[in-house]
Amino acid sequence: MSTHTPLMPTSPWVQIAATADDYRQADAELLTTMLGQLVLIRAFEEYVLELAGQGLVNGPAHSSIGQEGGAVGSVLALTSADSINGSHRGHHQFLAKALHHVTPKGIDPLADPSDEMRTVLLRSLAEICGLSRGFCRGRGGSMHLQWHEAGAVGTNAIVGGGVPLAAGYAWAHRQAGSDAVAVTYFGDGAVNIGSTLETFNLAAAWRLPICFFIENNHYAVSTSVDEATGEPRLSARGLGFNIPSWRVDGQDVLAVHFAMQEALQHMRKGRGPTIIEADTYRFFHQNGAFPGSAFGYRSKEEEKAWRDRDPIRGLAGHLVSRNILTDDEIGTATRRAKDVMAELGAEILEPLPGGKPGQRRIKPAEWPDPGFRDVGLRGDLSELRDVEFADTETFSGAVGQRKFIEVIAAVLGRRMEADPAVVIMGEDVHRLNGGTNGATRGLAERFPDRILGTPISENAFTGLGGGVALDGRYKPIVEFMYADFMWVAADQLFNQIGKARHMFGGDSAVPFVLRSKVAMGTGYGSQHSMDPAGVFATAPGWRIVAPSTPFDYVGLMNTALACNDPVVVLEHVDLYTGTGDAPVDDLDYLLPVGKAAVRRTGSAVTVISYLAMVNYCLQAVADGGFDAEVIDLRWLDRASLDWDTIGESIKKTNRVVIAEQGAVGTSYGGWLADEIQRRFFDWLDHPVERVTGGEASPSISRVLERAAIAKAEEVAAKLTEIVEA
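Conventions we followed
Residues numbered from 1 in each chain as written. Predicted model: local features only at pLDDT ≥ 70, side-chain atom pairs only at ≥ 80, totals over all residues. Heavy atoms only, no water. Helix = DSSP H or I, 4+ residues; strand = E, 2+ residues; numbered from the N terminus. Rg over C-alpha atoms; globule rule 2.2 N^0.38 Å. Buried < 20%, exposed > 50% of the residue type's maximum accessible area, 1.4 Å probe, protein only. Contact = heavy atoms within 4.5 Å. Areas by Shrake-Rupley, 256 points an atom, 1.4 Å probe, with all protein chains shown as cover. Lys, Arg positive; Asp, Glu negative; His and termini not counted. Charge placed at Lys NZ, Arg CZ, Asp CG, Glu CD. Axes fitted to C-alpha atoms, helices over the stretch in contact; angles between N-to-C directions. Parallel < 35°, antiparallel > 145°, perpendicular 65-115°, else oblique. Left-handed = near helix turned anticlockwise from the far one by under 90°. Polar contact = N/O pair within 3.5 Å; in protein donor to acceptor, adjacent residues only side chain to side chain. 1 Å grid on protein atoms, 1.4 Å probe; cavity = no way out; pocket = protein on both sides within 12 Å on 5 of 7 lines; lining within 4 Å. Points joined across faces, edges and corners; volume = space filled by probe spheres on them. Nonpolar A, V, L, I, M, F, W, Y, C, P; charged D, E, K, R; others polar. Pairing = 2+ DSSP bridges. Core = buried A, V, L, I, M, F, W, Y, C linked by side-chain atoms within 4.5 Å. Salt bridge = Lys/Arg side-chain N within 4 Å of Asp/Glu carboxyl O. Phe/Tyr/Trp six-rings, centres within 6.5 Å; stacked < 30°, edge-to-face > 60°. UniProt positions renumbered as here; feature names shortened; annotations may be inferred.

So, about the overall build of the protein chain. A tally of regular secondary structure across the protein chain gives 24 helices and 24 strands. Since a compact globule built from 725 residues should have a radius of gyration of about 27 Å, the 29 Å found for the protein chain is in line with a globular shape. In terms of overall dimensions, the protein chain has C-alpha extents of about 95 × 85 × 50 Å along its principal axes. The burial tally for the protein chain puts 59% of its 725 residues in the buried class. Look at the contacts in the protein chain between residues 6 or more apart in sequence, and 78% of them connect residues 24 or more apart. Summing over all exposed atoms, the protein chain offers an accessible surface of approximately 28000 Å²; the carbon and sulfur share of this is 50%. Distance between charge centres in the protein chain, computed from 66 positive and 90 negative side chains, equals 2 Å.

Pasting the structure below:
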């Protein structure tokens, strides 16, 4: 007969509640501040729904009415140094953090709001309406609210998308020696998202000071939590990751406050992450001013039961019973909050000309200038203004032959030595004598706290790196073992990191470097061989560098790390073991942004390429005796292309071949060919030609793999075709 031994979780999981005695003993100023925040946030949200109903909010209005208790109770335990982020339903958390920042000593609900409080409310309202005075200059709207000074680091429209970013802030707080923490707010729907669970694991493994605050409002749009998971007590997730967890009534603001205080005590002592599940309810539908019962997925009886447990009503009862405030005074505070919102609304609204009585519009002067559309998509590179760039013809240091992979490790080590802000993370980067290819050789021994071997969880560690970059105190280098893994982390790369600067107003620096290799021809097959240049070129916000020589790698990596934009540094396995000219001891020079290199001059045709394909082009030209000019792009993103060098060559040769190895469907050359014919149509005597791999991804079979990619033979065939034409 087999034996059965009950197993107990390592971490505690508790339900916490506030008693009547707790309310009797609670500090009166704390309780009145809670009420002051609750009525202001409630009045704000009601006013937003009013404007949305009049068509004055472009986009969704995800109301937090009914859920304010969780935000206020938790935030009042924090300081301005602590970071929070949230989800698409995040007005209440953002406002609680911003109001607490400008009134750290508390709020008197019977006093007129201060100028600072009014500014917070007005700028938040303006942002939700898409106006230039908003916190993100109107670009964020309802779902993307950020005010770094207050520690409100950004709400997020992707369910679960902000959770890994918060882990980055937590890591930065700890690395800086601070006792500050990060709190990431999300709902019951996000608990089932992979990026959230990946981050639970990573935070627990690294003992990060982050609180995962689950607002369990019981519905992900219209799908109930009971339908979506086998364990509707969502804080139970913590047990599987060894994370201490609290479950609390989210309608009881003081109970939430107690839970957060206990969680903070755990985190500030360096004991790692926590989970708080606040059982709460949104009084309205996912979006707009109708209740869920209007859409048939909730009953009116259920909604009434939760409305009877309104967090404002519950707190008000305790204030009255303790004779801190009277019913009349609470009514006065509520009316004053509504009046304040009407006054602030009058600053951005005016009667609709020719409209019916009561119809309003946004004052025209409040809208952003349309010319602001692309400003801040990338930075202006002012951070490089005083840099003295060097290139092969101006470099004054000694040059010798070095292996490409050795140069990667050398320049990374030099940057970590010179700049304590640089940190490298990725799978196995701390093992195997420098990761799977040797790019971090020797660095784990020299910088053990800044070479971070991660779990296999690209979403989590990429997002964590993004949060580190947005925090601003550190410069993360994230390594992907293979470029194909970008699809696993696509949300973090493209929805989060790539869009962050622009989405939050254009000013947020994102000093993030992604290293990834192209492994075509190695026999690793369809899921480990792609060239991601064409995909990144279509993604707003990214800069792309593609070094083809050891000398260029040093200068381009240095420039990437000095840049305040996210930069992907592409590498090719065909180059790793090769040798070439490289600096002997000067590893500090920077190559200029947007400067291509002419690798061979010619007059009959211009061949444009990047990475290892440059060498295949040079081989084809030399072996075939073609009179071709070969340009190595080095910078591939739209903002950094060297159109001067490209244009000068085209005006001389009047013919163009764009050569790359990768599959035609994700190729880089498609958009480049379109742009070339648009810019230089009058100079072209022949259609722009392209050399690419096939439509299919490379296969494991040596024969099929070779058939799927392009090399020197394909370039030679295309040049022969052009010459014969």
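From this point on, the discussion continues.
Before going further, it helps to examine the packing of helix α21 (residues 643–653) against helix α22 (residues 669–680). α22 packs onto α21 with a crossing angle of 65° between their chain directions and a minimal axis gap of 11 Å. Comparing their axes, α22 and α21 come out roughly perpendicular. Seen along the crossing, α21 lies across α22 with a hand that is right-handed. Side by side, α21 and α22 meet where W643, I646, G647, I650 and K651 of the first sit next to L672, E675, I676, R679 and F680 of the second.

All right, on to the side chain of R501 then. Among the secondary structure elements, R501 is positioned in helix α16 (residues 490–503). Note on R501: relative accessible area 9%, which makes it buried. Only 3.0 Å separates the side chain of R501 from the backbone oxygen of N564, close enough to count as a polar contact. Among the polar contacts listed, one links the side chain of R501 to the side chain of D565, at a separation of 3.1 Å. Leave out the neighbours within four places in its chain, and R501 touches G376, L377, R378, G379, G506, D507, S508, A509, V510, N564 and D565.

Reported here for the largest pocket is a volume of approximately 280 Å³. Of all elements in the fold, only α18 (550–562), α19 (573–576), β19 (579–583) and α20 (613–624) reach the threshold of two or more residues within the lining of the largest pocket. A breakdown of the residues in the lining of the largest pocket according to their chemical character gives seven nonpolar, seven polar and four charged.

Turning next to the sheet that holds strand β5 (residues 210–216). In sheet architecture, strand pairing relies on hydrogen bonds along the backbone and comes in two forms, parallel and antiparallel. If you trace the seven strands from one edge of the open sheet to the other, you get β1-β8-β9-β5-β4-β2-β3, paired in parallel fashion. Unpaired on one side and paired on the other, β1 (13–16) and β3 (152–155) mark the two borders of the sheet. Ignoring strand direction, the axes of neighbouring strands in this sheet form an average angle of 15°. Sheet contacts for helix α7 (residues 194–206): β4 (182–187), β5 and β9 (274–279); angle to β5, the most-contacted strand, approximately 150°.

Attention now goes to the nonpolar core. With 147 residues, the main nonpolar core has W171, W542, Y668 and I676 as its most contacted residues. Take this core: its biggest share by element is eight residues, from helix α13 (residues 404–418). Residue contacts for W542: discarding those within four places in its chain leaves R378, L493, F494, I497, G498, F512, L514, F536, P566, V567, V568 and D637. Core analysis: the next-biggest nonpolar cluster, separate from the first, contains 86 residues, A263, I276, I312 and I348 among them.

For the rest of this paragraph, the subject is the pattern of salt bridges. Following the criterion strictly, the structure yields 44 salt bridges and no others. Note that K718 is salt-bridged to E721, the shortest N-O span being 3.5 Å. On the criterion of helical spacing, the pair formed by K718 and E721 is a turn pair, its members being three residues apart in helix α24 (residues 712–724). The partly exposed category is assigned to E721, whose relative accessible area is 41%. Each member of the salt-bridge network shares a partner with another, and the members are D391, D552, R599, D632 and R634.

It is worth spelling out the packing of aromatic side chains at this point. Each aromatic ring pair is specified by the distance between its two centres and by the angle formed by the two planes. This structure, assessed with the given rule, holds 23 aromatic pairs. Between the aromatic rings of F512 and W542, the centroid separation amounts to 5.9 Å while the plane-to-plane angle is 85°, which identifies the pairing as edge-to-face. Here W542 lies in the loop between α17 (533–537) and β17 (543–545) and F512 lies in the loop between α16 and β16 (513–518), a separation of 30 residues in the sequence. You'll find F512 and W542 in the same group, each marked buried. Here Y668 and W671 contribute two aromatic rings whose centre-to-centre distance is 5.8 Å and whose plane-to-plane angle is 85°, an arrangement assigned as edge-to-face. An identical accessibility class is assigned to Y668 and W671; each is buried.

Those residues carrying the UniProt feature "domain: Transketolase-like pyrimidine-binding" (unreviewed entry) are residues 402–578 in this numbering. Structurally, residues 402–578 is divided into 39% helix and 18% strand, and its ends, taken at the C-alpha atoms, are 8 Å apart.

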